[in-house]
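Structural overview for review
Now for the letters of each chain:
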Amino acid sequence: MLRTLLVYAVVFFFIFILGPPLLLWSLITGSTDMLYSVGVFGARTALFMAGVRIMVSGREKIPVGKSVIYMPNHQSNSDPPAVASILPPVLIMAKKEFFRIPIMGTGMRMRGFIPVDRTNRERAFAAVDHAVASLKAGHSFLVFPEGTRSRTGRLQSFKKGVFVMAIKAGAPIVPISVSGASKIMCRGDFRIHPGPVRITIHDPVATADYSITDRSRVAEEVRRAIVSGLSPEERPLEATND
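Remember, predicted model here, so these are calculated numbers, not experimental data.

Here we come to the pattern of salt bridges. Inspection of every chain in the model, using the stated rule, returns 5 salt bridges. One salt bridge connects D117 with K96, and the closest N-O pair in it is separated by 3.4 Å. In this pair, D117 sits in the loop between strand 4 (114–116) and helix 6 (121–136) while K96 sits in the loop between strand 3 (91–95) and helix 5 (104–111), placing the two residues 21 residues apart along the sequence. Overall, the relative accessible area of 6% leaves D117 in the buried class. Since its relative accessible area comes to 22%, K96 is described here as partly exposed. Here R123 and D117 are joined by a salt bridge, their closest N and O atoms 3.3 Å apart.

Here it is, written out as structure tokens:
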């Protein structure tokens, strides 16, 4: 419990103490680079305080000099900071509720993160179009194709919107397997437990030669790659039974 309180204290410090002056600095300079860098450092600090050991393989598979979409599985709230902390700068598509958090939500919008409203189909489509424009402008994205955290730790079904986004932008998809994160923060439990998180970066999946009608085919290729980096108890049941 003491470790959990310490982690939340670190998060509070970075958001509510360092956040306001960083937002002001971003407004003055017109750049959010420092805001992003401090945010990533804060994520790494919180993970370190939580006793999370991140083990990464496949860094050499990250494409250089082009915008890509990183797609990890989503086991817990520890996934986004863990994955973002080992990647080059990215924008993130996240559920709209995160953008309501004071200071943090403002910073996310200033950086170009995109809120997703799952309850409104038109707004969801608009978010995809916004992301396509950002990708074509040269920004990379971190998105979670499951759309929400797994309750069991097993890989869930994928939403199709993120694959439509990739195909429209012609951006490669980099599948990422996150293993062990469900033991760090179980869904519905605010406590944080120390332990290892294994992150495996897979070969990029090209989308340039596909049309939107091929989105299920692309999704299946990404899914196979992610499954290959998960432990048996994290794989979907149909994959376990194969």
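Right, let's get into the environment of M108. By the element assignment, M108 lies in helix 5. According to the relative accessible area criterion, M108 is buried, its value standing at 11%. Sequence separation of M108 and I92 is 16 residues, and the distance between their C-alpha atoms is 8.5 Å. Leave out the neighbours within four places in its chain, and M108 touches A94, F98, F99 and F113.

Here the focus is the side chain of S26. Tracing the backbone shows S26 in helix 2 (residues 19–29). Every residue in contact with S26, bar those within four places of it in the chain, is listed here: S31, T32, L35 and M110.

By the element assignment, R3 lies in helix 1 (residues 2–17). The spatial distance from the C-alpha of R3 to the C-alpha of A50 is 6.2 Å, given a sequence separation of 47 residues. Those residues in contact with R3, other than ones at most four positions away along the chain, are M49, A50, G51 and P194. Looking at R3, its side chain comes within polar contact range of the main-chain oxygen of M49, at 3.1 Å.

Within the secondary structure, S179 sits in strand 6 (residues 173–179). For S179, a relative accessible area of 5% puts it in the buried group. A polar contact of 2.6 Å, which involves the side chain of S179, links it to the side chain of E234. Residues in contact with S179, not counting those within four places in the same chain, are Q75, P196, V197, R198, G229, S231 and E234.

Let's shift gears to the sheet that holds strand 4. As summarised here, the arrangement of the 7 strands in space is 1-7-6-2-5-3-4, forming an open sheet in which the pairing is mixed. Each edge of the sheet is formed by a strand with only one pairing partner; in this case those strands are strand 1 (52–57) and strand 4. Across 4 bridges, the pairing between strand 6 and strand 7 (residues 195–201) is antiparallel. When the bridges of strand 7 are listed, V178 appears paired with I199. Packed onto the sheet, helix 7 (residues 161–169) meets strand 2 (69–72), strand 3 and strand 6 and runs at close to 155° relative to strand 2.

Right, let's get into the pairing of strand 7. Among the 7 residues in strand 7, 5 count as buried, and that is most of the element. One ladder, built from 6 bridges, connects strand 1 with strand 7; its direction is parallel. Looking at the pairing, V56 lines up with I199 of strand 7.

For the rest of this paragraph, the subject is the packing of aromatic side chains. Scanning all chains against the criterion turns up 4 aromatic pairs. Where F13 meets F14, the ring centres are 5.7 Å apart and the plane angle is 90°; that geometry is what we call edge-to-face. Residue classification places F13 among the partly exposed positions, given a relative accessible area of 39%. Clustering of aromatic rings is evident, with ring pairs tying together F13, F14 and F41.

With that settled, the discussion passes to the pairing of strand 3. Burial analysis of strand 3 places 4 of its 5 residues in the buried class, the great majority of the element. Across 2 bridges, the pairing between strand 3 and strand 5 (residues 141–142) is parallel. Bridge pairing in strand 5 links L91 to F141. Bridge analysis of strand 3 against strand 4 gives 3 bridges, and the strand direction is parallel. Paired with M93 across the bridge in strand 4 is I114.

Rules behind the numbers
- Residues numbered from 1 in each chain as written.
- Predicted model: local features only at pLDDT ≥ 70, side-chain atom pairs only at ≥ 80, totals over all residues.
- Heavy atoms only, no water.
- Salt bridge = Lys/Arg side-chain N within 4 Å of Asp/Glu carboxyl O.
- Helix = DSSP H or I, 4+ residues; strand = E, 2+ residues; numbered from the N terminus.
- Buried < 20%, exposed > 50% of the residue type's maximum accessible area, 1.4 Å probe, protein only.
- Contact = heavy atoms within 4.5 Å.
- Polar contact = N/O pair within 3.5 Å; in protein donor to acceptor, adjacent residues only side chain to side chain.
- Pairing = 2+ DSSP bridges.
- Axes fitted to C-alpha atoms, helices over the stretch in contact; angles between N-to-C directions.
- Phe/Tyr/Trp six-rings, centres within 6.5 Å; stacked < 30°, edge-to-face > 60°.

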